[in-house]
Amino acid sequence: MTRKYIVIVAALAACAVGWYAARHNGQRAPGLKLFGNVDIRQVELSFRVPGKIAAVRVDEGDRVTVGDVLATLDAQPYEDALAKAKAERDVALADMNKHHAGSRSEDIAQARAEVARLEAEVENAARLARRRKTLLSDKAVSVEESESAGYSRDSLRAQLDKARKALALQLAGFRVEDVAAAEASYRSAQASVDTAETDLADTRIVCPAGGRVLSRVREPGAVVAAGVTVLVVSLDKPVWVRAYVPEPSLGKVSLGMPMRVFTDSQPGKPYAGRVGFISPVAEFTPKNVETEALRTDLVYRLRILIDNPDDGLRQGMPVTVLPELPATVKDAR
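Okay, so let's go over this structure.

Rules used in this analysis
- Residues numbered from 1 in each chain as written.
- Predicted model: local features only at pLDDT ≥ 70, side-chain atom pairs only at ≥ 80, totals over all residues.
- Heavy atoms only, no water.
- Core = buried A, V, L, I, M, F, W, Y, C linked by side-chain atoms within 4.5 Å.
- Buried < 20%, exposed > 50% of the residue type's maximum accessible area, 1.4 Å probe, protein only.
- Helix = DSSP H or I, 4+ residues; strand = E, 2+ residues; numbered from the N terminus.
- Contact = heavy atoms within 4.5 Å.
- Expected span 1.5 Å × (residues − 1).
- Pairing = 2+ DSSP bridges.

1. Examining the nonpolar core
Val38, Val241, Val261, Ile304 and Val321 are the most contacted members of the largest nonpolar core, which has 23 residues in total. Elements with a minimum of two residues in this core: strand E1 (34-46), strand E8 (229-246), strand E9 (258-263), strand E10 (271-283), strand E11 (299-306) and strand E12 (318-323). With residues near it in sequence (within four places) discarded, Val261 still touches Val241, Lys269, Pro270, Tyr271, Ile304, Ile306, Val319, Thr320 and Val321.

2. Some details on the environment of Ala158
Turning to its location among the elements, Ala158 is positioned in helix H4 (residues 143-172). For Ala158, a relative accessible area of 47% gives the class partly exposed. As for Ala158 and Leu118, which are separated by 40 residues in sequence, their C-alpha atoms are 9.6 Å apart.

3. Comments concerning the side chain of Ser279
On the secondary structure map, Ser279 appears in strand E10. Its relative accessible area of 7% is what places Ser279 among the buried residues. With near-sequence residues (within four places) excluded, Ser279 lies in contact with Tyr300 and Arg301.

4. So, helix H5 (residues 176-201)
Over its 26 residues, H5 extends 38 Å from the first C-alpha to the last, a length consistent with the 38 Å expected when each residue adds 1.5 Å. Val179, Ala182, Ala189, Val193 and Ala196 are the residues of H5 that are buried. In the core, the buried residues of H5 are packed alongside helix H2 (76-101).

5. Overview of the sheet that holds strand E4 (residues 69-73)
A sheet is described by the order of its strands in space; here four strands give the open sequence E5-E4-E2-E7, paired in antiparallel fashion. Among the strands making up the open sheet, the edge pair consists of strand E5 (204-206) and strand E7 (223-224). Across two bridges, strand E2 (residues 51-56) lies against E7 in antiparallel orientation. Across the sheet, Lys52 pairs through a bridge with Val223, a residue of E7.

6. Focus: the pairing of E9
Note: E9 against E10, four bridges, orientation antiparallel. If you follow Arg260 over to E10, its bridge partner there is Ala272. Of the strand pairs in this sheet, E9 and E12 are connected by five bridges, and their pairing is antiparallel. Within the sheet, the bridge partner assigned to Phe262 lies in E12 and is Thr320.

Everything listed here is a matter of geometry and, on its own, says nothing about what the molecule does.
So, in structure tokens, the structure goes:
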């Protein structure tokens, strides 16, 4: 009985040791242990327009959040350009409205009055020409005087015809082509205003995501071209681990597979993550694998996304990656 009791106790102790080892061996599946480095995305921030830097509001090591204005250019040239574009747009708008409205009533009335005046003058000139033609037959006037009266009548008739056509144009309004051209000119002017507003907005560097300033490359007073790096920011998210799995263990890894990431500085505080990428291309091996021995040297790059990263993970930090415990093992706890 004593021996049976000892055997039972020993078995229970072995189970306890096995459970403790499973709990503290990093929650890994047998035979799979990966090593890698932390990879944090960085963004090089610059202005989209050239100019002189007016202010850089952050320094290296400062934390930044989405929407923070990190640096600005001297905006005066762009404010002047915007004011000019708005003035030109207003001129184009007035011209377009004029074409839509057509002729003013005052202009039409003036054209009517001009037609009436010329009609009266033509009538008087015609009577004078007839009278002088009659007097010419009685030799009371010279031929030159009679012809001059006829020339004056014909000239006034031409002016009357021109005035009547001008009145018709006033009544008809602007041509469809002229209205379309005025509308196009306004749209072009409005586009110039939009461009000027965009350029003015681009005199500021706005933080695209939360992170920490790594480098302050340019200082106030420097004249920079568009696209020249001014600040470098390390983003809080995403943070991932670049690791490599040997070819024989590739079948043990799948997309979305939960993982635990251990650092040397805090080995008792693993980070939860998941496999987000498995490279389809082998690395660190010849292009043509000719022997079975060489196939064992194949490795594939993995990307393990960290669910809740913090300042404990730094760029390039070496880490150990172990698979999460299966659900059956968790339930056994």
